[in-house]
Amino acid sequence: MNREGTPVSEGPGAERNDPGSRRWGLWAALVLLVLALLVVLVFLAREYEEARDQQALEQEAAAVVSDIRNELLRNVQTLQSLNSVSPTADSWNAPAAELLAQHRELMRLEWRDNAQRLISHRDTPYLSDVFAYLDRTRAVADVKLACDNAQRQSGPAYSSSYFWPMRDGLGMELMEMCMPVVRSGVPNGFLVATYSLPGILSEFSQPDALRSRGLSFNDADGTRLALHRMVPGTRRTLNASAVLELPGHTLILQMQSPRLVDGLFPNVLTAVISALSLALLAVLALLARDTRLRQRAELGVADALAFRKAMEDSLVTGLRARDMTGRITYVNPAFCDMVGLSAEQLIGTGLPAPWWPPELVDEYQQRQLVRLAGQTLPREGYESVFQRSDGTRFPVLIIEAPLIDAQGKQTGFMSAILDLTEQRRVEDLNRTSQERLQATARLATVGEMASLLSHELNQPLAAISSYASGAMNLLEHPTESLSQADLSQAMKRISEQAERAGRVIKSVADFVRRREQVREAVSPRDLIDAIQPLLVLQAKKQGIQLQIAIAPGCPAVHCDRTMVEQVLLNLARNGMQAMPQGDPALGQGARVLRIAVHQTRLHSGLRPGGDQHKAWITFEVSDHGLGLSPEVQAKLFTPFFTTRTEGMGLGLSLCRTVIEQHGGALTFDPNQPRGTVFRFTLPAHLSSRP
């Protein structure tokens, strides 16, 4: 309008511009719709192809696992026939070597007897240094575990895989398979086959079918154990896993494949045109579809509410919802059963709650005020006590969480209540059982202490008896050379051995109670001097020469003096008893008991957690007796095992326990030309180490 109020025309082109703008807007909307449909089609195409490739990869992984399982079963059948056609160790070696040449996945075959001792073995001809770097005995624990499982199952069993180091920093993952050998219905030992996991992957998989696939064995926690092939290139990959369950062990086979989804659905243009046509028709049916969708949604909501109600009613955990003022808005049947009140009696009630014990109302009221103020308790919950309508009390565990609405605002608290009555009853039963076990353990400790004391007190009491008998002989048959000094020396020796018996009692008591013994720095010379008089007397009676050799500059050891003296005394007396009168003869010059001490350094790999530069003192007790048979060597350190009628069989077992408590080790080796050498190590005192 102009200033006079007359309407002003905007020209003839103005009426044409509005419809044109609207048409361009419609075309733009149509183009955007087409683009959106194309994007959706591309996305659906790629998702479909990836899902299809993933399914195919999982089927291939399952097929590979099935092939591996079948090959392992065929190997078991082949191995079962090995001992049937080769009943002796000599005849067993040739077919075992031929079998290893035919199966590259096998690294070693062993025939062991019923006690799992090695009878014969053959190694793979393709890798000559598999067991050259480390001794095979490092894997005895895995072999024993597999053979024990095989014996229980009366069939083949597998051990857990382990990494076996080789030279030049190489190594491979191995797995033991043990199978009982039965001949004419009688157990004839075990057949142990050592598998290479990389060899299983390479030998039991089909190279042509898996040319572009990556293949590996993984542990249950995802650790890669063996890799056969990796996916080439840097493209994204698909992963599929399959479980290889073996008797006694489970492996995860992982297969990888590059994603090859490139391109769209076939006939994309036809699909787009059809989609656009259907979209035009769909506009006319929007109202009807909207009505149907609304009805369907209402039915879905009703089903969801019914499902939630059924689920909440089936719970044994009590559920309780409250608003921000503490007023109850919801309870489930389990909570009503706990407190003995109906939902109508509970909903709408506030504080104090009707299930609170009267004497705890003030405490609970304060707790609720803190929670309603926003200071919520930890999610792990807190324990409390509720009261039923009949007045009985019961313990509960309450776990609370805030209730958040769709706008992100807290509207109250949701609580989960667990009845702890049964748990408390089980805890009381466990506590009673634990007290009974502790009483039984105390009785076992008393028995162990009695056995150790009876063994360890024999030596000082025998020395006291010997010195007392000598003194009585001097008094009953006096001679001109008898002097007060001789009797005083005998009494002094008796007193020393009595004190030694007291120290033995205290040390054995501390040993049985597993207390930390008082350890001190003691020179090797002082340890040997303390027991030398006792050894000299016995050596003279048996015509044995006692030799002491202590390396110059040998540092002091950090030990419990009394217990280590007992170890030296036990080993020395055992060495003398191994050389009875006349064997070896006096004329041979071999009736010698030698005690040697020198310093050494042990490599850290020989002792877990050991320091590579830690100094150790080695004690050696050598005799020239008849030596130890293999049967005696196998049971030498077993408690209550002895070859003497008057022995208890606790000496060497106690010696090894004492040395191991000091961090050392007690071992033995044959002596030359005959006899046995017992040696043990003790840590050097800190201030004495170089």
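The shown structure was predicted, so the numbers you read here are calculated from the model rather than taken from an experiment. (Residues numbered from 1 in each chain as written. Predicted model: local features only at pLDDT ≥ 70, side-chain atom pairs only at ≥ 80, totals over all residues. Heavy atoms only, no water.)

Engineer: So what exactly am I meant to see when it comes to the pairing of strand 13 (residues 382-387) here?
Structural biologist: Strand residues, when the strand is regular, have side chains that alternate between the two faces of the sheet. The pairing of strand 13 with strand 14 (residues 393-404) spans six bridges and is classified as antiparallel. Residue V385 lies in a different strand from strand 14, and its bridge partner there is P395. Linking strand 13 back to strand 14 in an antiparallel pair, the connection comprises five residues, with G391 at a positive phi of about 95 degrees. (Pairing = 2+ DSSP bridges. Helix = DSSP H or I, 4+ residues; strand = E, 2+ residues; numbered from the N terminus.)

Engineer: Quick question: what am I supposed to make of the state of the cysteines here?
Structural biologist: Simply put, the disulfide is a covalent bond whose two ends are the sulfur atoms of two cysteines. Counting across every chain of the model gives one disulfide. Residue C147 pairs covalently with C178 via a disulfide, S to S 2.2 Å. On the sign convention where negative means left-handed, the S-S torsion of about 100 degrees between C147 and C178 marks this disulfide as right-handed. With a gap of 31 residues between them, C147 in helix 3 (residues 140-153) and C178 in strand 5 (residues 171-183) connect regions that are remote in the sequence. The same class applies to C147 and to C178, which are both buried. (Disulfide = S-S within 2.5 Å. Buried < 20%, exposed > 50% of the residue type's maximum accessible area, 1.4 Å probe, protein only.)

Engineer: Is there a simple way to explain the nonpolar core in this structure?
Structural biologist: Generally speaking, soluble globular proteins have nonpolar side chains that are buried together. Ranked by size, the top nonpolar core spans 44 residues in total, and within it L568, L571, F619, F680 and L682 carry the most contacts. Among the elements of the structure, helix 11 (458-476), helix 13 (524-542), strand 18 (557-559), helix 14 (561-577), strand 19 (592-601), strand 20 (615-622), helix 16 (651-661) and strand 22 (676-683) are those that each provide at least two residues to this core. When residues in this core are grouped by element, the largest group, eight residues, is from helix 14. Other than its neighbours up to four places away in sequence, L571 contacts V621, L652, L666, F678 and F680. (Core = buried A, V, L, I, M, F, W, Y, C linked by side-chain atoms within 4.5 Å. Contact = heavy atoms within 4.5 Å.)

Engineer: Is there a simple way to think about unusual backbone geometry in this case?
Structural biologist: If a residue is not glycine, its phi is most likely negative; likewise, a peptide bond is most likely trans. Residue P673 follows Q672 across a cis peptide bond; omega there is 5 degrees. Structurally, P673 can be placed in the loop between strand 21 (666-670) and strand 22. You will see that Q116, though not glycine, has its phi angle at about 65 degrees, which is positive. Secondary-structure assignment places Q116 in the loop between strand 1 (106-112) and strand 2 (118-123). Given the relative accessible area of 16%, Q116 is considered buried. In the Ramachandran plot, S154 falls in the positive-phi region, its phi being about 55 degrees despite a non-glycine side chain. Its place among the elements puts S154 in the loop between helix 3 and strand 3 (157-158).

Engineer: Help me understand empty space enclosed by the protein in this model?
Structural biologist: Summary: where empty space remains is shown by rolling a probe the size of a single water molecule over the atoms. Following the criterion strictly, the structure yields three cavities of 30 Å³ or more and no others. The space that makes up the largest cavity amounts to roughly 70 Å³. R320, W355, W356, Y364, R367, Q368, Y382, S384, F386 and I398 together form the lining of the largest cavity. Contributing elements (two or more residues each) for the lining of the largest cavity: helix 9 (361-372) and strand 13. For the lining of the largest cavity, the per-class residue count stands at six nonpolar, two polar and two charged. (1 Å grid on protein atoms, 1.4 Å probe; cavity = no way out; pocket = protein on both sides within 12 Å on 5 of 7 lines; lining within 4 Å. Points joined across faces, edges and corners; volume = space filled by probe spheres on them. Nonpolar A, V, L, I, M, F, W, Y, C, P; charged D, E, K, R; others polar.)

Engineer: Help me understand the sheet that holds strand 7 (residues 214-218) in this model?
Structural biologist: Strand pairing in a sheet relies on backbone hydrogen bonds, with the paired strands running either antiparallel or parallel. Reading across from one edge, 8-7-10-9 is the order of the four strands in this open sheet, with antiparallel pairing throughout. Taken across any chain shown, the strands that pair with only one partner, and hence form the sheet edges, are strand 8 (224-229) and strand 9 (237-246). Across the sheet, the axes of successive neighbouring strands diverge by a mean angle of 20 degrees, strand direction being ignored. Where strand 7 lies against strand 8, four bridges are found, and the strand directions are antiparallel. Within strand 8, the position partnered with F217 by the bridge is A226. (Axes fitted to C-alpha atoms, helices over the stretch in contact; angles between N-to-C directions.)

Engineer: Teacher, can you tell me more about the environment of S469 here?
Structural biologist: Along the polypeptide, S469 turns up in helix 11. Judged by relative accessible area, which is 38%, S469 ranks as partly exposed.

Engineer: Would you explain the sheet that holds strand 14 in this entry?
Structural biologist: Taken together, five strands build an open sheet; the order of strands is 12-11-15-14-13 and the sheet is antiparallel. Edge positions in the sheet fall to strand 12 (328-331) and strand 13, since each has one partner strand and no second. Pairwise comparison of adjacent strand axes, ignoring direction, gives a mean angle of 35 degrees for this sheet. Taken together, the three bridges between strand 11 (residues 318-323) and strand 12 define a ladder with antiparallel strand orientation.

Engineer: Sorry if this is basic, but what is going on with the packing of helix 14 against helix 16 here?
Structural biologist: Any two packed helices are characterised by how steeply their axes cross, that is the angle between the axes, and by the distance between the axes. Viewed as axis vectors pointing N to C, helix 14 and helix 16 meet at an angle of 140 degrees, and their least axial separation amounts to 10 Å. In the crossing of helix 14 with helix 16, the sense of the turn from one axis to the other is left-handed. On the side of helix 14, the interface is formed by M563, V567, N570, L571 and N574, while helix 16 contributes G651, L652, L654, C655, V658 and I659. Residue classes in the contact of helix 14 with helix 16 are distributed as eight nonpolar, three polar and no charged. (Left-handed = near helix turned anticlockwise from the far one by under 90°.)

Engineer: Would you mind showing me how to read helix 14 here?
Structural biologist: An α-helical segment advances 3.6 residues per turn. Residues three or four places apart therefore align on the same side. In this model, helix 14 (17 residues) spans 24 Å end to end at C-alpha, consistent with the 24 Å of a helix rising 1.5 Å per residue. Summarising burial for helix 14: 14 of the 17 residues are buried, a large majority. (Expected span 1.5 Å × (residues − 1).)

Engineer: It is not clear to me how helix 16 should be interpreted in this structure. Could you clarify?
Structural biologist: Taken as a whole, helix 16 has its buried residues at G651, L652, S653, L654, C655, V658 and I659. Where helix 16 terminates, the next one or two residues include G663, which has phi positive at roughly 90 degrees.

Engineer: What is the right way to read the packing of aromatic side chains from this model?
Structural biologist: The geometry of an aromatic ring pair comes down to the distance between the two centres and the angle between the two planes. Under the counting rule described, the total for this entry stands at ten aromatic pairs. With 6.2 Å between their ring centres and 75 degrees between their planes, Y162 and W164 make a pair best called edge-to-face. Taken as a pair, Y162 and W164 share a single burial class, namely buried. Consider the rings of F335 and W355, whose centres lie 5.1 Å apart with planes at 90 degrees: the pair is edge-to-face. Within this pair, whereas F335 is found in helix 7 (residues 333-339), its partner W355 is found in the loop between helix 8 (343-346) and helix 9, the two being separated by 20 residues in sequence. Across the pair, exposure class does not vary: F335 and W355 are buried alike. Three or more aromatic residues joined by ring pairs make a cluster, and in this case those are F335, W355, F386 and F394. The cationic tip of R388 hangs over the ring face of F394; the distance from NZ or CZ to the ring centre is 4.1 Å. (Phe/Tyr/Trp six-rings, centres within 6.5 Å; stacked < 30°, edge-to-face > 60°. Lys NZ or Arg CZ within 6 Å of the ring centre and 35° of its normal.)

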